[in-house]
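Descriptive structure summary
Given next are the chains, with one letter for each unit.
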Amino acid sequence: MWKAENSNSNNPSTGKPYYLSQGIDLSGIEVIENDLLFIARARLEVENQAKRLLEQGVETQNPTQVGTALQVFHNLGTLKVTIANVVDGYCTALEENIKNALDIKVLTQPSQTVTRGGPGRAAMPTPGNTAAFRAALWTNMEKLMDQICAACGQVQHLQKVLAKKRDPVSHVCFIEEIVKDGQSDILYKFWTAVTQTLASQFQSATDSSTFLKQAFEGEYPKLLRLYNDLWKRLQQYSQNIQRSFNTSGTTDLFAELQQMEEDAQDIFMQKNEDYDPEKALKDSLQQYEAAYLSKSLSRLFDPINLVFPPGGRNPPSSDELDSIIKTIASELNVAAVDPELSLAVAKNVAKTIQLYGVKSEQLLSTQGDASQVIGPLTEGQRRNVAVVNSLYKLHQAVLKVITSQSSFPAAAEQTVTTALKAVHDLMGSAVQPLLNSVGDSVEAIIITMHQEDFSGSLSGSGKPDVPCSLYMKELQGFIARVMSDYFRHFECFDFVFDNTEAMAQRAIELFLRHASLIRPLGEGGKMRLAADFAQMELAVAPLCRRVSDLGKSYRQLRSFRPLLFQTSEHIASSPALGEVIPFSIILQFLFTRAPPELKSPFQRAEWSIARYSQWLDDHPSEKDRLALIRGALEAYVQSVRTREGKEFAPVYPIMVQLLQKAMSTLQ
């Protein structure tokens, strides 16, 4: 008997009379029956009082009351069952709340007439009352989120007390009683049940009601915002409850509690590798998001397909483009409630921009008349200009939309920016044939300088007879005309100048190349060529914002001109050599000061000047160019030795010295 009593006293979860009567039939023994009846009634009264205390404590978030109630259930041996029942009760209540929130009959109640519909007739909002139905639905959804949040808060509070409360006799932490036997913690169990119920109830409700389905799909961002707000409130509550528990150790109840570190059991604060509670919440929304994004893409594509009809030949008007931009801005603004939704809609916007590009590209004229530079603008050229202007307006307008977005995710911005770069590239492709034609014509005009005579001596006045050469006049006239006839119609000035400035740099490069090849060059020719250098700046001016913006090309043009009148020795020691003007150009120029037997590289190779110019384009490396010049100088040495000449031309040693200096800089 002592042993039984002793072991019983160590087990506060079991009453002694129950222990003694287990497995023994004591019925008919009146004294014991009365005692057992009294004990059963007393136990029931204690359980009921503890339940009321637990309900009140959880509802008012009073940890002392909750802790006291939990101690009672622990002593009665029913802690685990009671907690399971409480959590199940919350789950059942929430399931009912979800059903009520989505009840189509309740939602459409205001629109029903007094006379009831026939048997089996589905409840539907009348067309005029769809707005009232939606308003009622969203009111219900907000209320449901409040109910979920409140229930989560109560379960969290219960779990916090369980995690901190210990039995004063055995010192066992109550949470250990709950999670032993491999059971998960109650908050995880509760949250899993809630999210699964949400998913299943939403699915069945929208399967049976197209009105609910259309509401959730059409106004998905509103639904997502409610979910996001709920999640933020749950996280905020987790932080608040953690702070309050960590600072409440002064009461009698919590004097016995150990101060715990950050609660690993709070799923709202820490994501588990195996389980993401936020994703579990939002999984119930996936089907509505997919439908919303599909409709969003249709809304974006529709205005584009409308303004690019099959067989159409003109890009959209300004008003039509404005409509497209407004749609893009609207879709991005509505999606701003959530970063992931913003990114998904940004991908739709990128597809929209790509579609606009594809449709615009189909309008471009690629016939020969699209790149002609002889007559006025052709119809094909006008259309190409209109397409480029349209692409430019789209590019600028979308750029403005994304820069005006507040808290636009970086990934979403990158997605749209990449699509806009493709638009810019398409603009470049559209104008490239015209640019190529202009470039070819500029080169053809510059090369005609070799048809003019620069061998004359200085006139009596010491000034050139004409302000500039004929080819220069033609070049100036041509460039001024193409800018006026073709490029001024483009509204994207920066884009045009970015392309024409490259053309201006190329024109200067060609001018310097061919000026250095003029041979023979007399004193009068030098004066006229110097005038051409000055006029060249005026010639390329229409192609750029400022001629000085042309950078190295401009500096080369300015630096070369004074060298025309300097001695070969001075030229060889010029600080501009190598730094500004390539050695190969200066060496080419020094050939003009040599006797005819010291042939220029193209003369030695028996090439035309045009072919030599092409070879230089194909060999931009200074090393290749210097090697060709060295070959010309070596051939000259060989010819002098063959005819048993006594000396080399005065400029030869200077050229050799300059070549050696040039080669050493390449090492």
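Everything numeric in this text was worked out from a predicted model, so none of it was measured.

Some details on the overall build of the chain
The helix and strand tally for the chain stands at 27 helices and 0 strands. Going through the 667 residues of the chain one by one, you find that 45% of them count as buried. Long-range pairs, those at least 24 residues apart, make up 76% of the contacts in the chain with a sequence separation of at least 6. Split by element, the accessible area of the chain, about 34100 Å² in all, is 52% carbon and sulfur.

Details of helix α25 (residues 609–618)
The set of residues buried in α25 consists of I609, Y612, S613, W615 and L616. Projection of α25 onto a plane perpendicular to its axis shows the buried side chains occupying an angular sector of 160°, all on one side. Contacts made by the buried residues of α25 are with α17 (410–446), α19 (493–517), α23 (583–591), α24 (601–604) and α26 (622–642).

As for the packing of aromatic side chains
According to the stated counting rule, one finds 21 aromatic pairs in the structure shown. A ring pair is formed by Y188 and Y275, whose centres lie 4.9 Å apart and whose planes are at 75°; its orientation type is edge-to-face. Note that Y188 is positioned in helix α9 (residues 186–208) and Y275 in the loop between α11 (220–246) and α12 (277–282), a separation of 87 residues in sequence. Its relative accessible area of 16% is what places Y275 among the buried residues. Aromatic side chains Y612 and W615 sit 6.5 Å apart centroid to centroid with 10° between the ring planes, which places their arrangement in the stacked category. Residue Y612 and its partner W615 are located together in helix α25, separated by 3 residues, close to a single helical turn.

Describing the environment of F648
With respect to the helices and strands, the residue F648 is situated in the loop between α26 and α27 (651–666). Separated by 12 residues in the primary sequence, F648 and Y636 place their C-alpha atoms 9.0 Å from one another. Excluding residues that lie within four positions of it along the chain, F648 makes contacts with Y636, V637 and V640.

A closer look at the side chain of T378
Tracing the chain through its elements places T378 in the loop between α15 (339–363) and α16 (379–403). Given a relative accessible area of 17%, T378 falls into the buried group. Once you skip the residues sitting within four places of it in the chain, T378 turns out to touch D369 and Q372.

Remarks on the confidence of the model for the chain
Taken residue by residue, the chain gives an average pLDDT of 84. The fraction at 70 or more is 82%. At the low end of the mean pLDDT range in the chain sits helix α1 (residues 2–9), at 34; at the high end sits α25, at 97. Here residues 111–121 is a poorly scored stretch, pLDDT under 50, and it has 5 contacts once near neighbours within four places are set aside; other chains count. Across residues 249–265 the pLDDT falls below 50, and counting only partners more than four positions away or on other chains, this stretch makes 35 contacts in the model.

Here we look at the packing of α23 against α26
Angle between the axes and distance between the axes: these two values describe a pair of packed helices. Packing of α23 against α26 brings their axes to within 9 Å, and their N-to-C directions diverge by 25°. Here α26 runs roughly parallel to α23, going by the angle between their axes. At the point where α23 passes α26, the crossing takes the left-handed sense. Contacts from F583, S584, L587 and F591 in α23 reach E622, R625, L626, I629, A632 and L633 in α26. Per-class residue counts for the contact of α23 with α26 are 7 nonpolar, 1 polar and 2 charged.

Notes on the nonpolar core
In terms of nonpolar packing, the biggest core is built from 180 residues, with M141 and M536 touching the most fellow members. A per-element tally of this core places α17 first, with 15 residues. In contact with M536, not counting residues within four places along its chain, are I446, M472, L475, A507, I508, F511 and L557. Of all hydrophobic cores here, the second largest spans 8 residues; its members include W607, Y612, W615 and L628.

Describing helix α21 (residues 552–563)
Between its first and last C-alpha atoms α21 spans 17 Å; for 12 residues at 1.5 Å apiece the expected length is 16 Å, and the two agree. In the core, the buried residues of α21 are packed alongside α19, α20 (523–540), α22 (568–572) and α23.

Structural notes on the packing of helix α14 (residues 318–335) against α16
For the pair α14 and α16, the least separation of the axes is 10 Å and the interaxial angle reads 25°. When the axis of α14 is compared with that of α16, the two are roughly parallel. Seen along the crossing, α14 lies across α16 with a hand that is right-handed. In this structure, α14 uses S318, L321, I325, I328, A329 and L332 to contact α16, whose residues at the interface are S390, K393, L394, A397, V398, V401 and I402.

Let's talk about unusual backbone geometry
Following R519, the chain continues to P520 via a peptide bond in cis, the omega torsion being 0°. Mapped onto the elements, P520 comes out in the loop between α19 and α20. At S407, a position not held by glycine, the phi torsion is positive, near 50°. Inspection of the secondary structure assignment puts S407 in the loop between α16 and α17. In this structure, E644 takes a positive phi of about 55° despite not being glycine. With respect to the secondary-structure elements, E644 resides in the loop between α26 and α27.

Here's the deal with the pattern of salt bridges
Scanning the entire structure with this criterion turns up 30 salt bridges. With a shortest N-O distance of 3.1 Å, E452 and R528 are connected by a salt bridge. Of this pair, E452 sits in the loop between α17 and α18 (470–485) while R528 sits in helix α20, and the two are 76 residues apart along the sequence. By relative accessible area, R528 is classed as buried at 14%. Among the ionic pairs, E501 bridges to R545, the shortest N-O distance being 2.9 Å. In this pair, E501 sits in helix α19 while R545 sits in the loop between α20 and α21, placing the two residues 44 residues apart along the sequence. Judged by relative accessible area, R545 falls into the partly exposed class, the value being 37%. One network of salt bridges, in which partners are shared, links E443, R506, E509, R513 and D617.

Focus: the state of the cysteines
Scanning the model with the defined rule gives 0 disulfides in all. As a non-bridged cysteine, C152 has C149 as the owner of its nearest cysteine sulfur, 6.8 Å distant. What makes C152 buried here is its relative accessible area of 0%.

Points about the environment of R561
Residue placement: R561 occurs in helix α21. Between the alpha carbons of R561 and A531 there is a distance of 9.1 Å; along the sequence they are 30 residues apart. Among residues more than four places away in sequence, those in contact with R561 are A530, F533 and A534.

Some points on the environment of S457
Examined against the element boundaries, S457 turns out to sit in the loop between α17 and α18. Take S457: its relative accessible area is 63%, and that puts it in the exposed class. When the C-alpha atoms of S457 and E523 are compared, they prove to be 4.9 Å apart, with 66 residues separating the residues in sequence. Sequence-distant contacts of S457, defined by excluding residues within four places in its chain, comprise E523 and G524.

What counts, and where the lines are drawn
Residues numbered from 1 in each chain as written. Predicted model: local features only at pLDDT ≥ 70, side-chain atom pairs only at ≥ 80, totals over all residues. Heavy atoms only, no water. Helix = DSSP H or I, 4+ residues; strand = E, 2+ residues; numbered from the N terminus. Buried < 20%, exposed > 50% of the residue type's maximum accessible area, 1.4 Å probe, protein only. Contact = heavy atoms within 4.5 Å. Areas by Shrake-Rupley, 256 points an atom, 1.4 Å probe, with all protein chains shown as cover. Arc of directions from axis to C-beta. Phe/Tyr/Trp six-rings, centres within 6.5 Å; stacked < 30°, edge-to-face > 60°. pLDDT = per-residue confidence, 0-100. Axes fitted to C-alpha atoms, helices over the stretch in contact; angles between N-to-C directions. Parallel < 35°, antiparallel > 145°, perpendicular 65-115°, else oblique. Left-handed = near helix turned anticlockwise from the far one by under 90°. Nonpolar A, V, L, I, M, F, W, Y, C, P; charged D, E, K, R; others polar. Core = buried A, V, L, I, M, F, W, Y, C linked by side-chain atoms within 4.5 Å. Expected span 1.5 Å × (residues − 1). Salt bridge = Lys/Arg side-chain N within 4 Å of Asp/Glu carboxyl O. Disulfide = S-S within 2.5 Å.

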